[in-house]
Amino acid sequence: IGIPSGDARNRDYTPPGQAFVVKMPGEPTHQQQTADTPEGQVTAHIHVAEFDEVVYAVNYIPMPEAIIAALPKMGTQAALDHGRVNLLAHAPGATLLREGYNTAKTAGRQLATGNEYELQMPGGATMTVRQFVHGGVFCQVATTVPAGPSYNQELYAQRFLDSLEFR
């Protein structure tokens with residue numbers, strides 16, 4: 001049984017004020033957390049939906065002006081490396097199974113390059129995370145699939161990850 005692309009559970013979702021879209025399988029909940037950093041105050045936003053025991057999440061952090069100004073000098077990879085450190089620090093008990101690069105669509109073309117991680121979570125679930133820096137925003141899409149997933153669970157998780165498009 002598939003979810004047709006027009007189904008309300010699989011609709012285009014753009015968080016307010018953001019320049020990206022994903023195919024979200026339901027109405028997400030939103031949480032945010034603000035923290036002071038040496039570069040200025042940052043607010044992390046997370047939008048989460050769950051369908052068929054799979055968790056779908058979009059996390060984004062608009063970067064302070066000081067970081068945006070420093071990006072050309074420090075490089076996007078340095079920002080992504082910082083994202084890797086934070087991901088692993090906030091996934092206690094997880095084992096890093098795989099890491100590499102991935103791309104996301106930008107105005108219909110495969111241009112945005114980012115990092116991808118696959119983590120084995122305590123209890124056997126698998127979390128796949130893709131991280132990108134685009135337009136002054138650190139963006140992360142993630143799925144958590146239960147241990148022993150069905151084919152559909154893995155397929156829908158992959159479709160969600162692949163659906164990220166920057167505008």
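None of these values were measured; they are calculated from a predicted model.

1. Observations concerning helix 2 (residues 76–89)
Logical step 1: With 14 residues, helix 2 ought to run about 20 Å at 1.5 Å a step, and its terminal C-alpha atoms sit 20 Å apart, in line with that.
Logical step 2: Within the sequence span of helix 2, burial applies to Ala 79, Leu 80, Gly 83 and Leu 87. Each buried residue of helix 2 sits inside an arc of 95° when the element is viewed along its axis, so together they form one side. Exposed positions of helix 2 whose direction lies more than 90 degrees from the buried face are His 82, Val 85 and Ala 89.

2. Regarding unusual backbone geometry
Logical step 1: You will see that Asp 52, though not glycine, has its phi angle at about 55°, which is positive.
Logical step 2: The residue Asp 52 is located in the loop between strand 4 (40–51) and strand 5 (54–62) in this model.
Logical step 3: Residues other than glycine seldom take positive phi values, yet Glu 53 does so here, at roughly 70°.
Logical step 4: Relative to the helices and strands, Glu 53 is located in the loop between strand 4 and strand 5.

3. Focus: the nonpolar core
Logical step 1: Counting residues in hydrophobic clusters, the biggest one holds 23 residues, and the most contacted among them are Val 22, Met 24, Phe 160, Leu 164 and Phe 166.
Logical step 2: If you list the elements that add at least two residues to this core, you get strand 2 (20–24), strand 4, strand 5, strand 9 (137–145) and helix 3 (151–162).
Logical step 3: Excluding its chain neighbours within four sequence positions, the residues that come into contact with Val 22 are Arg 11, Asp 12, Tyr 13, Val 58, Val 141, Phe 160, Ser 163 and Leu 164.
Logical step 4: Grouped together as the second largest cluster of nonpolar side chains are 9 residues, Leu 87, Tyr 117, Leu 119 and Met 127 included.

4. Thoughts on the environment of Gly 114
Logical step 1: Here Gly 114 shows up in strand 7 (residues 109–120).
Logical step 2: Here Gly 114 falls in the buried class, since its relative accessible area comes to 0%.
Logical step 3: It is 15 Å that separates the C-alpha atoms of Gly 114 and Val 85, two residues lying 29 residues apart in sequence.
Logical step 4: Setting aside its immediate chain neighbours within four residues, Gly 114 contacts Leu 80, Gly 100, Tyr 101, Asn 102, Gln 131 and Phe 132.

5. Details of the confidence of the model for the protein chain
Logical step 1: Mean pLDDT over the protein chain stands at 87; residues scoring 70 or higher make up 92%.
Logical step 2: Counting contacts from residues 1–6, a segment whose pLDDT is below 50, to residues more than four positions away or on other chains yields 10 contacts.

6. Topic: helix 3
Logical step 1: Helix length check: helix 3 (12 residues) gives 16 Å between terminal C-alpha atoms against 16 Å at 1.5 Å per residue, within 8%.
Logical step 2: Restricting attention to buried positions, one finds in helix 3 the residues Gln 153, Tyr 156, Ala 157, Phe 160 and Leu 161. With its buried residues spanning 140° around the axis, helix 3 presents them on a single face.

7. What about the pattern of salt bridges?
Logical step 1: According to the stated counting rule, one finds 7 salt bridges in the structure shown.
Logical step 2: Linking Arg 11 and Glu 27 is a salt bridge whose minimum nitrogen-to-oxygen distance equals 2.3 Å. Linking Arg 11 in strand 1 (residues 11–13) with Glu 27 in the loop between strand 2 and strand 3 (29–37), this pair joins segments that are 16 residues apart in sequence.
Logical step 3: Judged by relative accessible area, which is 59%, Glu 27 ranks as exposed.
Logical step 4: Where Glu 116 meets Arg 130, a salt bridge forms, and the shortest distance between an N and an O atom there is 2.5 Å. Of this pair, Glu 116 sits in strand 7 while Arg 130 is found in strand 8 (residues 126–134), placing the two residues 14 residues apart along the sequence.

What counts, and at which threshold
- Residues numbered from 1 in each chain as written.
- Predicted model: local features only at pLDDT ≥ 70, side-chain atom pairs only at ≥ 80, totals over all residues.
- Heavy atoms only, no water.
- Helix = DSSP H or I, 4+ residues; strand = E, 2+ residues; numbered from the N terminus.
- Expected span 1.5 Å × (residues − 1).
- Buried < 20%, exposed > 50% of the residue type's maximum accessible area, 1.4 Å probe, protein only.
- Arc of directions from axis to C-beta.
- Core = buried A, V, L, I, M, F, W, Y, C linked by side-chain atoms within 4.5 Å.
- Contact = heavy atoms within 4.5 Å.
- pLDDT = per-residue confidence, 0-100.
- Salt bridge = Lys/Arg side-chain N within 4 Å of Asp/Glu carboxyl O.

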